[in-house]
Amino acid sequence: MRLKILFFLSLIFVVKMNVFGLTYGGCDYSDISRLKALVTNINVSYSYYMENNTPYFNVNLTNITSDMYFRDTLTNKTYSYNDTDNGEINIIGYNQTSGSYKFYSALSDCYGISLGTKYYQFPAYNIYYDDEICSGIKNYSLCQKWIDVNYSYDEFVNLVNEYKYSLNSDTNEDIEVKYNNSILNRIVNFYINYYYYILIFIIVICGAIILIRRRKNKFDL
């Protein structure tokens, strides 16, 4: 009899464990699983605009559903489906920074249960990008628009000037090499085109020298 009672109690315990395993914070696990899948489908993109030489970013989120809401960890502001336009929302005015959106269930039985996180991160803006010293060398790494430059202005100017000097040095060396090659090529081409005349001229000169020396030798005798 005792064995039957123990078996019955164990069976009840197992059933309760299975039921508990199919729930999530008091609501059905399938609902949470479905909402988490919806969060993974949310797209996050950004655009920017310039104001007083400072970039400001707008974040666009799409595919938000009515059974979820989210909180911006940077501003601590919460947004619901009612703040969207058919599941799309554009949050404007971020400066250079990064943060995340925490999504939660809006279902009454599952309200507040965490569903996942979406992150946003904006590129660093080069404050010297529009400086006159970068004119004509925007391809140089320190003069590109989206790069984190941690130099003082004087340090930045020195580095850019060093880069410009290296470009000019390379150019001058190239010009000198091309000039030297040009002279050598002209000499070689001249010899190839007129070597026959040059050879005759050398023979005539050599013959004349030989005759002069012979006459001088006879005179000495």
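Up top is the structure.
Residues numbered from 1 in each chain as written. Predicted model: local features only at pLDDT ≥ 70, side-chain atom pairs only at ≥ 80, totals over all residues. Heavy atoms only, no water.

Observations concerning the overall build of the chain
Rule in force here: Secondary structure is summarised from DSSP: a helix means a run of H or I of at least four residues, a strand means a run of E of at least two, and numbering begins at the N terminus for each. Partly exposed describes any residue whose relative accessible area lies between the buried limit of under 20% and the exposed limit of over 50%, with all areas from a 1.4 Å probe on protein chains only and scaled to the type maximum. Note on definitions: a residue-residue contact is assigned when non-hydrogen atoms from the two residues lie within 4.5 Å. Each accessible area is a Shrake-Rupley result for a 1.4 Å probe, and residues are judged covered by the shown protein chains and nothing else.
Scanning the chain from N- to C-terminus turns up three helices and nine strands. In the chain, the succession of helices and strands from N to C terminus is α-β-β-α-β-β-β-β-β-β-β-α. Across the 221 residues in the chain, those meeting the buried criterion constitute 23%. Nonlocal contacts in the chain, meaning residues at least 24 apart in sequence, comprise 52% of its contacts between residues at least 6 apart. Surface summary for the chain: the accessible area is close to 16,300 Å², and the carbon and sulfur share equals 56%.

Some words on the pairing of strand β3 (residues 43-51)
Rules: In this scheme, strands are said to pair when DSSP sees at least two bridges between them.
Here β3 runs beside strand β4 (residues 54-62); their pairing, made up of nine bridges, is antiparallel. Within β4, the residue paired with Y49 across the bridge is Y56. Hairpin connection between β3 and β4: a loop of two residues separates the two successive antiparallel strands, and N52 in this loop has a positive phi of roughly 55°.

A few points about the pattern of salt bridges
Defined as follows: What counts as a salt bridge is simple: a side-chain nitrogen of Lys or Arg found within 4 Å of a carboxyl oxygen of Asp or Glu.
Within the structure shown, the criterion is met by one salt bridge. With a closest N to O distance of 3.2 Å, R34 and D67 form a salt bridge. In this pair, R34 sits in helix α2 (residues 29-40) while D67 sits in the loop between β4 and β5 (68-72), placing the two residues 33 residues apart along the sequence.

Details of the side chain of T84
What counts, and what does not: By the criterion applied in these results, polar contacts are pairs of N or O atoms within 3.5 Å in which, for protein atoms, one can donate a hydrogen and the other can accept it, and in which residues neighboring in sequence qualify only through two side-chain atoms.
Mapped onto the secondary structure, T84 falls in the loop between β6 (78-80) and β7 (89-94). The class for T84 is buried, based on a relative accessible area of 14%. From its side chain, T84 meets the backbone nitrogen of G87 in a polar contact 3.2 Å long. Beyond its immediate sequence surroundings of up to four residues, T84 is in contact with I64 and I89.

Some details on the sheet that holds β4
Within a sheet, adjacent strands bond to each other through the backbone by hydrogen bonds, running parallel or antiparallel. Note the following rule: The convention used is that axes are lines fitted to C-alpha atoms, helices contributing only their stretch in contact, and that angles between N-to-C directions extend from 0 to 180 degrees.
Pairing within the open sheet is antiparallel, and its three strands lie in the order β3-β4-β7. Every other strand in the sheet has two partners, leaving β3 and β7 as the edge strands with one partner each. With strand direction ignored, the average angle separating the axes of adjacent strands in the sheet is 20°. Sheet topology places β4 next to β7; four bridges connect them, and they run antiparallel. When the bridges of β7 are listed, F57 appears paired with Y94.

Quick notes on the state of the cysteines
Where we set the bar: Cysteine sulfur atoms that pair up within 2.5 Å are treated as a disulfide.
Overall, the coordinates contain two disulfides when judged by the stated rule. For C27, the disulfide goes to C110, at an S-S distance of 2.2 Å. Because the sign of the S-S torsion sets the handedness, a value of about 130° for the bond joining C27 and C110 places this disulfide among the right-handed ones. Taken together, the residues span a long stretch of sequence, with C27 in strand β2 (residues 27-28) and C110 in the loop between β8 (98-105) and β9 (114-121) at a distance of 83 residues. For the pair C27 and C110, a shared accessibility class is recorded, and that class is buried. Here C134 pairs with C143 through a disulfide, and the sulfurs are 2.1 Å apart. Looking along the S-S bond of the C134-C143 disulfide, the torsion reads about -75°, which is the left-handed sense. In this structure C143 comes out as buried when scored by relative accessible area, which is 0%. Taken in N- to C-terminal order, the disulfide-linked cysteines of the chain are connected 1-2, 3-4.

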